[in-house]
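For reference, the chains in residue letters:
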Amino acid sequence: MEKGINELKKVIIRAKRVTVLTGAGISAESGVPTFRGSGGLWRNYEVTDVATPQAFARDPKLIWEFYNWRRDLISKVTFNAGHKALVELEKHVNDFTLITQNVDGLHRQAGSKRLLEIHGNLWEVRCTKCGVVTMDRSKNMGQLPTCTACGGILRPNVIWFGESLNPDMIHKAIEASQNCEFMLIVGTSGIVQPAASLAFQAKAKGALIAEINIEQTPQSGHMDFVLTGPAGEILPMLVEDFN
Ligand code: BV8
Ligand code: ZN
């Protein structure tokens, strides 16, 4: 890994346009379970079983149990050295975009500014009737929270499987992938679309792409750099010479 990291540091220190894509792996060292790693997710449910509009229509109370469990868990954790290193990187690069698939809000908490939360944010709720979106950091929203304005049932303001991403958000993510000279892919299994296609959008436009993960992924073979190890250790090493 020594060779890879030194070569990568030489590229990144000179890079003017950098885009980063993160997944659940960057929050793993904060204690947030990933979706497909060992330990799965919640009561043996696959995330694709519970993070869908159909599941919410069928049993909103069960889905709120799932999201209240995640709210409680994430309210007890904080960002880690990997999130902090990306805040450092953002300070150093003049054209920087951080795209995250995570809904845990830890990049925002760490101080990232140029941030696209393409799957939404766990701490926001949206009324299924009037559509109003509010930030609510309660650890437990109750069995079936309702909108104070119209009484409609509230849902987590995240993008579920089978739901389209916000067009403006995905447009900005594609632009940031196509216009960068260097893209870091951190802590994602590269399964979920359309996020998983962004690395290839960057590569198709001539960017160098690097993967940081504790294991190989289906995308590893396409990468210019593959650094195997925890994001919380590798990312700080990448930015240590900036100051
Ligand atoms: C959509 C919010 C149009 C909810 C999430 C082809 C094209 C288009 C769509 C599809 C397609 N094929 C299939 C689809 C449908 C679907 C999809 O991709 N399904 C997958 C399962 C195949 N996509 C969609 O539905 C998307 N919508 O495309 O709209 C459309 C409309 C109708 C019909 C069709 C298409 C919406 C997708 C968004 C879903 N919402 N989250 C919530 O979180 O509550 S996705 C969910 O998975 C999370 O956001 C998560 O971040 C994301 C991706 O998972 P990862 O982040 O990669 O996490 P994972 O656990 O998998 O991997 C962790 C990695 O970290 C591992 O590699 C591990 O090794 C590594 N790791 C662990 N520890 C560390 C580490 N790395 C470094 N350091 C460590 N310490
Ligand atoms: Zn309402």
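We now turn to the structure provided with this report. (Residues numbered from 1 in each chain as written. Chains lettered and ligands numbered in written order. Predicted model: local features only at pLDDT ≥ 70, side-chain atom pairs only at ≥ 80, totals over all residues. Heavy atoms only, no water.)

## Comments concerning the nonpolar core
- Core analysis: the largest hydrophobic core is formed by 28 residues, its most contacted members being Val-20, Leu-89, Phe-182, Leu-184, Ile-212, Leu-235 and Leu-238.
- If you list the elements that add at least two residues to this core, you get helix H1 (2-14), strand S1 (17-22), helix H6 (81-92), strand S2 (95-100), strand S7 (182-186), strand S8 (208-213), strand S9 (225-228) and helix H10 (231-239).
- The contacts of Leu-235, once residues within four sequence positions are left out, are Ile-26, Gly-82, Ala-85, Leu-86, Leu-184, Val-186 and Ile-212.
- Grouped together as the second largest cluster of nonpolar side chains are 25 residues, Ala-55, Leu-62, Ile-63 and Tyr-67 included. (Core = buried A, V, L, I, M, F, W, Y, C linked by side-chain atoms within 4.5 Å. Buried < 20%, exposed > 50% of the residue type's maximum accessible area, 1.4 Å probe, protein only. Helix = DSSP H or I, 4+ residues; strand = E, 2+ residues; numbered from the N terminus. Contact = heavy atoms within 4.5 Å.)

## Things to note about the environment of Thr-188
- As for its position among the elements, Thr-188 is in the loop between S7 and helix H9 (198-204).
- For Thr-188 and Ile-214, which are 26 residues apart along the polypeptide, the C-alpha to C-alpha distance reads 9.8 Å.
- Filtering out sequence-adjacent residues up to four positions away, Thr-188 remains in contact with Gly-23, Gln-101, Asn-213 and Thr-217.
- A distance of 2.8 Å separates a polar atom in the side chain of Thr-188 from a polar atom in the side chain of Gln-101. (Polar contact = N/O pair within 3.5 Å; in protein donor to acceptor, adjacent residues only side chain to side chain.)

## Quick look at the coordination of the zinc ion (ligand 2)
- Within the first shell, the zinc ion (ligand 2) binds the protein through Cys-127 (SG), Cys-130 (SG), Cys-147 (SG) and Cys-150 (SG), at distances of 2.3 Å.
- Of note is the zinc ion (ligand 2), whose four donor atoms meet at the metal with angles of 98 to 119 degrees in an arrangement that counts as tetrahedral.
- Residue Cys-127 is classed as buried on the basis of its relative accessible area, which comes to 3%. (Donors = N, O, S within 2.8 Å, 3.2 Å for Na, K, Ca; no water. Tetrahedral: all angles 85-135°; square planar, octahedral: opposite > 155°, others 65-115°.)

Geometry only, nothing functional implied.
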